[in-house]
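Here is how the chains run, residue by residue.
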Amino acid sequence: MKKTAPRKAYATVKTPSAVEILNRLSPVVGLGAKLPHRNLIYRGQKNSSWNLVPKSRRKEEWPPPITSDKRDTWKNRILAEADTLFSFCRIADRRGLRIPNWASLRAELIDFIGEVSCGHARAVAAWPPQEAAPALALAQHYGLPTCLLDFTWDPYVAAYFAAIGSMEEDLPKGHLCVWVIQDFHLSVMRDSPKRDIHLVVPPASDNRTLQAQDGLLMWLPLSPSLLPDLEADYSQTEGFERVLVGPETNVTKLILPNGEAPSLLHKLIKLGYDASRLFPTFDGAARAVREHGWARIGRSWC
């Protein structure tokens, strides 16, 4: 019998300073210097020990506010994702806020919730429906837990979220990190024919935040054949890095001591990356004022 080659582990690179991690991330002299434009995607995290797991699938993210049944089962996890999206869309629509594809998505969500409530595991393979991607991206960017994971084509956007996350929680110990993923099929074709992982790129016209952050989202469909009984206790799925790592994919995790976060944020602000750019609202401008103080940026009159 032919042996299956073991999966290649991703590379972890320790960077001692903010200057070093920015040099590694530079599209001119760093990891992407010899690659075509937009052939790398990035994700910043305040904690380098975290796997690549979407918020709604993390063990610590239970129960969500929308759930009346507090049992942490596969069924309740998946229902909570659909219920959260449905409630977000319904409330926003009622207030006159435009939800992409809402007329058809509403019926899809009602049908899905009904099927999963009845224990039909086959419905899980259809979650989330393709037309839900723009609405899911909106919910994600306004803080609701979804099955999607944020990435960006801009390395400095990823570094900003890693730095600001560390500073907002005042994490003096440990490391922040930036994941760097090279996969031609994922970046160009939006999915990989050899793996089940996909990229979701909703229209930027539907989401100013996504546009400002040069963002995209990653998701991994759940196969009913791989699920236990929907009523079984939930066991956190492995990180997306398990699926991404392979002979055709280069995955690197750059880590930086949390003590370097103020210096990293300072340099990113000088490059033009702060909340006012990544969240183009008055709230973003207010957040930027605080960030400039944290990063010890002097006053500017222009």
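Scroll up for the structure.
Right, let's walk through the structure included here. Fair warning: this is a prediction, and the values are worked out from it, not measured in the lab.

Definitions and cut-offs
- Residues numbered from 1 in each chain as written.
- Predicted model: local features only at pLDDT ≥ 70, side-chain atom pairs only at ≥ 80, totals over all residues.
- Heavy atoms only, no water.
- Helix = DSSP H or I, 4+ residues; strand = E, 2+ residues; numbered from the N terminus.
- Buried < 20%, exposed > 50% of the residue type's maximum accessible area, 1.4 Å probe, protein only.
- Contact = heavy atoms within 4.5 Å.
- Areas by Shrake-Rupley, 256 points an atom, 1.4 Å probe, with all protein chains shown as cover.
- Lys, Arg positive; Asp, Glu negative; His and termini not counted.
- Charge placed at Lys NZ, Arg CZ, Asp CG, Glu CD.
- Phe/Tyr/Trp six-rings, centres within 6.5 Å; stacked < 30°, edge-to-face > 60°.
- Axes fitted to C-alpha atoms, helices over the stretch in contact; angles between N-to-C directions.
- Parallel < 35°, antiparallel > 145°, perpendicular 65-115°, else oblique.
- Left-handed = near helix turned anticlockwise from the far one by under 90°.
- Nonpolar A, V, L, I, M, F, W, Y, C, P; charged D, E, K, R; others polar.

### Notes on the overall build of the protein
What the protein contains, in helices and strands, is 11 helices and seven strands. If one aligns the C-alpha atoms of the protein with their principal axes, the spans along those axes are about 60 × 60 × 35 Å. The buried share of the protein, taken over its 302 residues, is 49%. Within the protein, contacts between residues at least 6 apart in sequence are counted, and of these 75% link residues at least 24 apart. For the protein, the accessible surface area stands at approximately 15400 Å², while carbon and sulfur atoms represent 54% of it. A gap of 5 Å separates the mean positions of the 38 positive and 32 negative side-chain charges of the protein.

### Thoughts on the packing of aromatic side chains
For any pair of aromatic rings, the description rests on two quantities: the centre-to-centre distance and the angle between the ring planes. A full pass over the atoms with the stated rule returns seven aromatic pairs. On the numbers, 5.6 Å between centres and 65 degrees between planes, the contact of Tyr 156 with Tyr 273 is edge-to-face. Placement of the pair is Tyr 156 in helix 5 (residues 155-168) and Tyr 273 in the loop between helix 9 (261-270) and helix 10 (275-278), with a sequence separation of 117 residues. A single burial state applies to Tyr 156 and to Tyr 273, both of which are buried.

### Digging into the packing of helix 2 (residues 74-94) against helix 3 (residues 102-117)
At a closest axis distance of 10 Å, the pairing of helix 2 and helix 3 adopts a crossing angle of 155 degrees. Our classification of the angle between helix 2 and helix 3 gives roughly antiparallel. Judged by the sense of rotation from one axis to the other, the crossing of helix 2 with helix 3 is left-handed. Along the contact surface, helix 2 presents Lys 75, Ile 78, Leu 79, Ala 82, Asp 83, Leu 85, Phe 86, Cys 89, Arg 90 and Asp 93, while helix 3 presents Trp 102, Leu 105, Arg 106, Leu 109, Ile 110, Phe 112, Ile 113, Val 116 and Ser 117. Tallied by class, the residues present in the contact of helix 2 with helix 3 amount to 13 nonpolar, one polar and five charged.

### Remarks on unusual backbone geometry
Cis geometry marks the peptide bond from Trp 62 to Pro 63, where omega comes out at 0 degrees. Cis geometry is found at the peptide bond from Trp 127 to Pro 128, where omega equals -5 degrees. Summarising the element assignment, Pro 128 is placed in the loop between helix 3 and helix 4 (133-141). One non-glycine residue with positive phi stands out, namely Asn 101, at about 65 degrees. Topologically, Asn 101 is positioned in the loop between helix 2 and helix 3. Residue class for Asn 101 comes out partly exposed when judged on its relative accessible area of 37%. Positive phi, normally seen in glycine, also occurs at Asp 214, with a value near 50 degrees.

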